[in-house]
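Read off the chains here:
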Amino acid sequence: MARSSLQPEEAPREAGSQPAVARPRSPEAATRQLDRLIHERVRLGIVSALAVNEALTFNELKRLMKTTDGNLSVHARKLEEAHYIACTKSFHGRMPRTEYRLSAAGRRALERYLAHMEALIQAMRR
Amino acid sequence: MAEPRYNRSMATAPRRTGPAEPVALHTRAMDNLEFIRETMEEAGSFTAVPGRGGVAMGITALGAALVASRQSSFERWLVTWLVAATLALAIGAVTMVHKARAADAGVLTGPGRKFALSLCPPLAAGAVLTLVLYRAGLFAALPGAWLLLYGAGVVTGGAFSVRIVPAMGLGFMALGAAALFSPPAWGNWFLAAGFGGLQVIFGLIITRRYGG
């Protein structure tokens, strides 16, 4: 089972307060700017899946990530705390239903992350 | 417990590898981008297109083609296809809802909604064009127009889904274009090949690979 690698220094900044992406000049500079919160695979998967869906339920995400209830809950909560995703709980008939949506801050974070990955690749090709 | 997403490439911090391993950094970045692309593709396919529904719609169209080919007038031929289209749409809607429920997904949210909303405008355009072409007596243009518009709807609806969905749409569009430049007598069989053949073939593939 993969464990979260979130370290204290990885704590997310306040949503919406992150600076615009500046193209790093070296791979090392790119990694320093990396958003550690969504660098973790399950969290990156959650954000990526929500980027192409208006909303996904807990069970859909669990199946997509091929992970357990507990693991998904932990990672989803970290993203929620960073305001990268929003969670709504409701009832579908008598069954509880948890639905997640990507926030504007989460979408910007994914875009920044993609830019960083591309910058790393570009830096290597120089 | 098998967890291929974890095992394929753990998301350890690139900075730990140090500057002496530039190839590893580059490879890891590529791997991360590939992971994002795969996840988006898989997530985009979630509950969207019902494969079994496609097969049932295809069988309906094949039956309609046989019945329509035996009709004595164009009006009866048209009614046959319109009844089949209504039945196929109902099958598509019911199976889409069924697939969404089986996956515990919202029927009115997610990729299913995206697909349905993208498909509706070309279908509405097709309905209007059917009336216009019928009034103008341009009966021979109907099969091509139907196939082209349905294909356009599937291509746009499946733009964020698995690649097979827009590929199916392109197949419809190609058949539609061919129908418009072929003898009018072939129109019925172009409809059979598109709404019947393509729908059954892609429906079977979607059923097998993308969860029913």
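What you are looking at is a predicted structure, and each value in this text was computed from that prediction instead of being measured.

In terms of helices and strands, chain B carries eight helices and zero strands. Written out in order from the N terminus, the α and β elements of chain B read α-α-α-α-α-α-α-α. Buried positions account for 44% of the 212 residues belonging to chain B. In chain B, the proportion of contacts linking residues at least 24 apart, taken out of those at least 6 apart, comes to 72%.

On to the packing of helix 7 (residues 164–180) of chain B against helix 8 (residues 187–209) of chain B. Helix packing for two helices is described by the angle between their axes and how far apart those axes are. Residue and element names in this part refer to chain B. Across the interface, helix 7 lies against helix 8 with an axial gap of 10 Å and an inter-helix angle of 170°. Between helix 7 and helix 8, the interaxial angle falls into the category roughly antiparallel. Mapping the contact onto sequence places Ile164, Met168, Gly171, Phe172, Leu175, Ala178 and Ala179 in helix 7 and Gly187, Phe190, Ala193, Gly194, Leu198, Phe202, Ile205 and Ile206 in helix 8. Looking at the contact of helix 7 with helix 8 residue by residue, the class counts come to twelve nonpolar, three polar and no charged.

Before going further, it helps to spend a moment on the sheet that holds strand 3 (residues 95–102) of chain A. Residue and element names in this part refer to chain A. Pairing is antiparallel in the open sheet, where three strands are placed in the order 1-3-2. Looking at the sheet topology across the chains shown, the edges are occupied by strand 1 (56–57) and strand 2 (85–92). As paired strands, strand 2 and strand 3 are joined by eight bridges and run antiparallel to one another. What sits directly across from Thr88, in strand 3, is Glu99. The strands touched by helix 3 (residues 41–51) are strand 1, strand 2 and strand 3; relative to strand 3, the strand with the most contacts, the crossing angle is about 85°.

Turning next to unusual backbone geometry. All names here are of chain A. Residues other than glycine seldom take positive phi values, yet Lys66 does so here, at roughly 50°. Structurally, the position occupied by Lys66 is in the loop between helix 4 (58–65) and helix 5 (69–81). Despite not being glycine, His83 has its phi angle at roughly 65°, a positive value. Along the polypeptide, His83 turns up in the loop between helix 5 and strand 2. What makes His83 partly exposed here is the crowd of 16 C-beta atoms within 10 Å.

Residues and elements named next belong to chain B. Put simply, helix 6 (residues 142–157) and helix 8 touch, their axes get as near as 8 Å, and they point 20° apart. With respect to their mutual orientation, helix 6 and helix 8 come out roughly parallel. Where helix 6 crosses over helix 8, the two elements pack in a sense that is left-handed. Counting all contacts with helix 6, which are made through Leu142, Pro143, Trp146 and Leu147, the residues of helix 8 involved are Gly187, Phe190, Leu191 and Gly194.

The next subject is the environment of Pro96(A). Along the chain, Pro96(A) falls in strand 3. When neighbours within four sequence positions are excluded, Pro96(A) is seen to be in contact with Lys89(A) and Phe91(A).

Our next topic: the confidence of the model for chain A. For chain A, the average pLDDT comes to 77, and 72% of its residues sit at 70 or higher. Of the regions scoring below 50 in pLDDT, residues 1–24 of chain A engages in 29 contacts with residues more than four places distant in sequence or in other chains.

Let's shift gears to the nonpolar core. In globular proteins that are soluble, nonpolar side chains generally tend to be buried together. Judged by nonpolar contacts, the single largest core of 40 residues is most densely connected at Ala61(B), Trp81(B), Leu147(B), Val154(B), Phe172(B) and Leu191(B). Secondary structure elements with two or more residues in this core: helix 3 (51–69), helix 4 (74–102), helix 5 (110–136), helix 6, helix 7 and helix 8 of chain B. Here the element with the most residues in this core is helix 6 of chain B; it accounts for nine residues. Once residues within four sequence positions are removed from consideration, Leu147(B) is found in contact with Phe172(B), Leu175(B), Gly176(B), Ala179(B), Phe190(B) and Gly194(B). Ile38(A), Val42(A), Val52(A) and Ala105(A) belong to the second largest nonpolar core, which has 33 residues in total.

Criteria and cut-off values
- Residues numbered from 1 in each chain as written.
- Chains lettered and ligands numbered in written order.
- Predicted model: local features only at pLDDT ≥ 70, side-chain atom pairs only at ≥ 80, totals over all residues.
- Helix = DSSP H or I, 4+ residues; strand = E, 2+ residues; numbered from the N terminus.
- Buried ≥ 20, exposed ≤ 12 C-beta atoms within 10 Å, placed from the backbone.
- Contact = placed C-beta atoms within 7 Å.
- Axes fitted to C-alpha atoms, helices over the stretch in contact; angles between N-to-C directions.
- Parallel < 35°, antiparallel > 145°, perpendicular 65-115°, else oblique.
- Nonpolar A, V, L, I, M, F, W, Y, C, P; charged D, E, K, R; others polar.
- Pairing = 2+ DSSP bridges.
- Left-handed = near helix turned anticlockwise from the far one by under 90°.
- pLDDT = per-residue confidence, 0-100.
- Core = buried A, V, L, I, M, F, W, Y, C linked by C-beta atoms within 7 Å.

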